[in-house]
Amino acid sequence: MTGLVDTRTPNPENFFAGDDHDWELVIGLEVHAQVTSNAKLFSGASTEFGNEPNANVSLVDAAMPGMLPVINEACVRQAVKTGLGLNAQINNRSVFDRKNYFYPDLPQGYQISQLYHPIVGEGVVTIQVGPDKQGQFESVEIGIERLHLEQDAGKSMHDQHPTMSFVDLNRSGVALMEIVSKPDIRSIDEAKAYITKLRSILRYLGTCDGNMDQGSMRADVNVSVREPGGEFGTRCEIKNVNSIRFMGQAIEYEARRQIDVLEEGGSIDQETRLFDPTKGETRSMRSKEEAHDYRYFPDPDLLPLEFDDAYVNEIRAELPELPDAKRNRFMAEGLSEYDASILVSDKSIADFFEKVVEGRDAKVSANWVINDLLGALNKAGKNLEESPVSAIQLGGIINLIKDGTISGKIAKDLFEIVWNEGGDPADIVEERGMAQVTDTGAIEAAVDEIIAANPEKVQQAIEKPNMIGWFVGQVMKATGGKANPQAVNELLRKKING
Amino acid sequence: MSVDTATVKRVAKLSRIAITDERAESMQSELNTILGFVEQLQEVNVEGVEPMTSVVDMVMRKRRDEINDGNKAEDVTANAPMSEDNFFMVPKVVE
């Protein structure tokens, strides 16, 4: 790593209280993201999740003598694409090194990685932290130190046998991108926002599926504390944190632990720690200390990885619109930053919204997608892929409001029917007589009836104009909610106030 | 550059090679002889010379992203000292 540069201005809102003075957190993240590919980084075995033990293993992955690695071109392409998505320097020449250590899930006795010459250099990710109480977001730039390609290890299971561990090499040799941030993160919220943003970018790019529960994205978290704005402290590395929530808990615990040690006059040992989600604490991994001498050297089985600018430009031309650009476009089309941020947070939501908004009002479409659809999905514990209401159906509902066929209130009922029973919104409205009455004659009849039946209320309404709301309610009730509220309002005002 | 016995033992341990004290001493002198040769090599001025990665001028061959291997768990575990349900079994390692 190059010399550490502090790019941030200390923000007291992020400080941890201490005995004599406040403490500031400094966080850097190393994210391991599994490359989306059919085959592994150096073999033709499948990367598919959840197969039978050792089914996805070639003799290369099992490190049988004489087997040689041959790089998968698609994994290189994915790494370059990710680098471009992180606004990063692409290195046309990179080199694979061996990182040597012993563990039963590492049959080669070394991991093929890139230490000295990674495929991607410095870049930047912009995160949005917030919203605060005023609904404002703060944009923060988090530096990327590097991205390199490496092999994943196998998986050990320790609960199958009293004295033996079981090893499955299905993941062994799957391509990972290790994405290393600079120590630019200063709070738990920023760390969460960073990993959420990174995940979103990877999913937009299609270079990693971002499934943290399947282990396709894991983070090593480097945490240190210091006096606000002071020298960087000694860091500890928390290994293999596999959910955003756990990451928050691990950082919180680790920051408190380090502050306690320092305030009692102790010092922090640079060490690797493990987060235990059941106890909510981090603990030292003593066994790893000696293993830290990895004796890296260039892998003699692999030539340097080289490509020309034309290759990079070809990949650049394939880049999709990324979340930042999409959010800015949505805001230019009239959405609030809050709405735009929610819609672009996940590619599937953005894609859904874009289908709904096609030819319709942006604000209205956003409200329906965010408040009604996402709200209902959240309540039902479903994700967007499982949504019972399609973009076409939701668009149909919005059309019916727009052309005055149904009121906004009836539209909510219609949404529920479509959610529960499916079907074409226009047909449902037709079949069930849900269309709103815009026929002034019919509304007028209802209005007259109610005015005639409530003379004392009419008197009150003349004195207190707010009373008109009561009449609107009565007319809506009388017409089964199908009267156009605006027409009702106008008629009532005309009739009551003369 | 030369190494002491402690370094020899450390490197052996990192490489999972068991050595006796006696053997460590003889290895120390063997390794120091090799390091002496390396020192000689370092006298050559290689400033501005790219490290040679291949004797022939060629670019690295790449494979297409196709699944054409795997589904041979029996073969993979055939030489394992112990296995069950196609898992390798190793003495328990747990953090």
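Coordinates for the structure precede this section.
Below: a short report on this structure. Treat the numbers as computed from the prediction; the structure is a model and nothing was measured. (Residues numbered from 1 in each chain as written. Chains lettered and ligands numbered in written order. Predicted model: local features only at pLDDT ≥ 70, side-chain atom pairs only at ≥ 80, totals over all residues. Heavy atoms only, no water.)

A few points about the pairing of strand 7 (residues 138-151) of chain A
All names here are of chain A. For the record, the criterion: Throughout this description, buried means an accessible area under 20% of the type-specific maximum (1.4 Å probe, protein chains only), exposed means over 50%, and partly exposed covers the range between. Each helix is a run of DSSP H or I of at least 4 residues and each strand a run of E of at least 2, with the numbering of both proceeding from the N terminus. At least two bridges found by DSSP between two strands is the condition for calling them paired.
With 11 of its 14 residues buried, strand 7 lies for the most part within the structure. With 7 bridges connecting them, strand 6 (residues 123-129) and strand 7 associate as antiparallel partners. Bridge pairing in strand 7 links Val129 to Glu138. With 7 bridges connecting them, strand 7 and strand 10 (residues 175-181) associate as antiparallel partners. Looking at strand 10, one finds that Arg146 is bridged to Val180.

Overview of the side chain of A:Arg273
All names here are of chain A. Note the following rule: In protein, a polar contact means a hydrogen-donor-capable atom and an acceptor-capable atom, both N or O and within 3.5 Å, with residues adjacent in sequence counting only if both atoms are side-chain atoms; elsewhere, any N or O pair within 3.5 Å suffices. Whether two residues are in contact is decided by their heavy atoms: any pair within 4.5 Å suffices.
Tracing the backbone shows Arg273 in strand 13 (residues 272-276). On the accessibility criterion, Arg273 (7% relative accessible area) is buried. A polar contact of 2.5 Å, which involves the side chain of Arg273, links it to the side chain of Glu271. Setting aside its immediate chain neighbours within four residues, Arg273 contacts Cys236, Glu237, Ile238, Lys239, Glu254, Arg257, Thr282, Arg283, Ser284 and Met285.

Things to note about the pattern of salt bridges
Residue and element names in this part refer to chain A. The condition is simple: A pair is scored as a salt bridge if a Lys or Arg side-chain nitrogen falls within 4 Å of a carboxyl oxygen belonging to Asp or Glu.
Under the definition given, this model contains 41 salt bridges over all chains. We note a salt bridge from Arg171 to Asp152, for which the minimum N-O separation is 3.2 Å. On the criterion of sequence distance, the pair formed by Arg171 in the loop between strand 9 (164-168) and strand 10 and Asp152 in the loop between strand 7 and strand 8 (155-157) is long-range, its members being 19 residues apart. Arg171 gets classed as partly exposed once you look at its relative accessible area, which sits at 27%. Judged by relative accessible area, which is 5%, Asp152 ranks as buried. Residue Asp324 is joined to Lys197 by a salt bridge in which the shortest nitrogen-to-oxygen separation is 2.5 Å. Of this pair, Asp324 sits in helix 6 (residues 323-332) while Lys197 sits in helix 2 (residues 188-205); the two residues are 127 residues apart in sequence, bridging distant segments of the chain.

Considerations on the packing of helix 1 (residues 5-14) of chain B against helix 2 (residues 21-41) of chain B
Residues and elements named next belong to chain B. Threshold: Orientation is described by lines fitted to C-alpha atoms, with helices fitted over the stretch in contact, and by angles between N-to-C directions that extend from 0 to 180 degrees. Geometric relationships in this document are graded by angle, where less than 35 degrees denotes roughly parallel, more than 145 denotes roughly antiparallel, 65 to 115 denotes roughly perpendicular, and other angles denote oblique. Throughout this entry, Asp, Glu, Lys and Arg are counted as charged residues, while Ala, Val, Leu, Ile, Met, Phe, Trp, Tyr, Cys and Pro are counted as nonpolar. The remaining residues, Gly among them, count as polar.
At a closest axis distance of 9 Å, the pairing of helix 1 and helix 2 adopts a crossing angle of 100°. Viewed along their axes, helix 1 and helix 2 adopt a mutual orientation that is roughly perpendicular. Every residue of helix 2 that contacts helix 1 at Thr5, Val8 and Lys9 is listed here: Asp21, Ala24, Glu25, Met27, Gln28 and Leu31. A class-by-class count of the residues in the contact of helix 1 with helix 2 yields 4 nonpolar, 2 polar and 3 charged.

Brief notes about the layout of surface pockets
Unfilled space is identified by rolling a water-sized probe across the atoms. Residues and elements named next belong to chain A. Note the following rule: Using only the protein atoms, space was sampled on a 1 Å grid; points where a 1.4 Å probe fits but cannot get out form cavities, open sets with protein on both sides within 12 Å along at least five of seven lines form pockets, and lining residues are those with an atom within 4 Å of a point. Grid points are joined across faces, edges and corners, and a volume is the space filled by probe spheres set on the points. Boundaries of every domain are those given by an automatic assignment or by a domain database.
Considered as a void within the structure, the second largest pocket measures approximately 750 Å³ in volume. In terms of lining, the second largest pocket is formed by 28 residues, of which the most central are Gln128, Val129, Gly130, Pro131 and Phe137. Those elements that place two or more of their residues in the lining of the second largest pocket are strand 6, helix 2, helix 6 and helix 7 (337-344). With 6 residues, helix 2 is the single largest residue contributor to the lining of the second largest pocket. Residue composition of the lining of the second largest pocket, grouped by class: 9 nonpolar, 11 polar and 8 charged. Looking at the lining of the second largest pocket, you find at least three residues from each of domain 1 (12-311) and domain 2 (316-431).

Describing helix 8 (residues 347-357) of chain A
Residue and element names in this part refer to chain A. Every buried residue belonging to helix 8 is among Ser348, Ile349, Ala350, Phe352, Phe353, Val356 and Val357, and all of these are buried. Those residues of helix 8 that are buried are in contact with helix 2, helix 6, helix 7, helix 9 (362-380) and helix 10 (391-402). Looking at the residues trailing helix 8, positive phi occurs at Gly359, about 75°.

Side note on the interface of chain B and chain A
Just so we agree on the cut-off: In short, buried area is how much 1.4 Å probe accessible area vanishes from two parts on joining, totalled over both.
Taken together, the contact between chain B and chain A spans 39 residues of the former and 50 residues of the latter. A buried area of about 4100 Å², summed over both sides, lies between chain B and chain A, and 62% of it is on carbon and sulfur atoms. For the interface between chain B and chain A, the tally reads 1 salt bridge. Remark: the boundary between chain B and chain A carries 19 residue pairs in polar contact (both at pLDDT 80 or more). If you list the elements that add at least two residues to the side of chain B that touches chain A, you get helix 1, strand 1 (62-63), helix 3 (73-77) and strand 3 (87-91) of chain B.

Things to note about the sheet that holds strand 8 of chain A
Ordered by their spatial adjacency, 4 strands build an open sheet running 8(A)-9(A)-3(B)-2(B), and the pairing between neighbours is antiparallel. Both outer strands of the open sheet, strand 8 of chain A together with strand 2 (83-84) of chain B, are each paired with one neighbouring strand and no more. Alignment of strand 8 of chain A against strand 9 of chain A, held across 3 bridges, turns out to be antiparallel. When the sheet's bridge partners are listed, A:Ser156 is paired in strand 9 of chain A with A:Val167.

Quick look at the nonpolar core
Residues and elements named next belong to chain A. So the rule is basically this: Put simply, buried Ala, Val, Leu, Ile, Met, Phe, Trp, Tyr and Cys residues joined by side-chain atoms within 4.5 Å make one nonpolar core.
Counting 109 residues, the largest nonpolar core has Ile119, Tyr194, Val221 and Leu394 as its most contacted members. When residues in this core are grouped by element, the largest group, 10 residues, is from helix 2. No fewer than three residues from each of domain 1 (12-311) and domain 2 (316-431) sit in this core. Apart from the residues within four sequence positions on either side, Leu394 is in contact with Phe352, Val356, Trp368, Val369, Leu373, Val389 and Phe415.

Details of empty space enclosed by the protein
All names here are of chain A. Tallied over the full model, the rule gives 1 cavity of 30 Å³ or more. There is about 80 Å³ of room inside the largest cavity. Lining the largest cavity are Val60, Asp61, Asp105, Leu106, Pro107, Gln108, Gln151, Asp152, Ala153, Ser172 and Gly173. For the lining of the largest cavity, the class distribution of residues is 4 nonpolar, 4 polar and 3 charged.

Digging into helix 16 (residues 485-496) of chain A
Note on helix geometry: an α-helix contains 3.6 residues per turn, so any two residues three or four positions apart are oriented the same way. Residue and element names in this part refer to chain A. Selection rule: Each helix should span, by expectation, one fewer than its residue count multiplied by 1.5 Å. It is the directions from the helix axis to the C-beta atoms whose arc is reported.
The end-to-end C-alpha distance of helix 16 is 16 Å, a good match for the 16 Å that 12 residues give at a rise of 1.5 Å each. Within the span of helix 16, buried status applies to Ala487, Val488, Leu491, Leu492 and Ile496. When helix 16 is viewed along its axis, its buried side chains cluster within an angular range of 140° and face the same direction. In helix 16, those exposed residues whose orientation departs by more than 90 degrees from the buried face are Gln486, Glu490 and Lys494. Summarising the contacts, the buried residues of helix 16 are in contact with helix 13 (440-453), helix 14 (455-463) and helix 15 (468-478).

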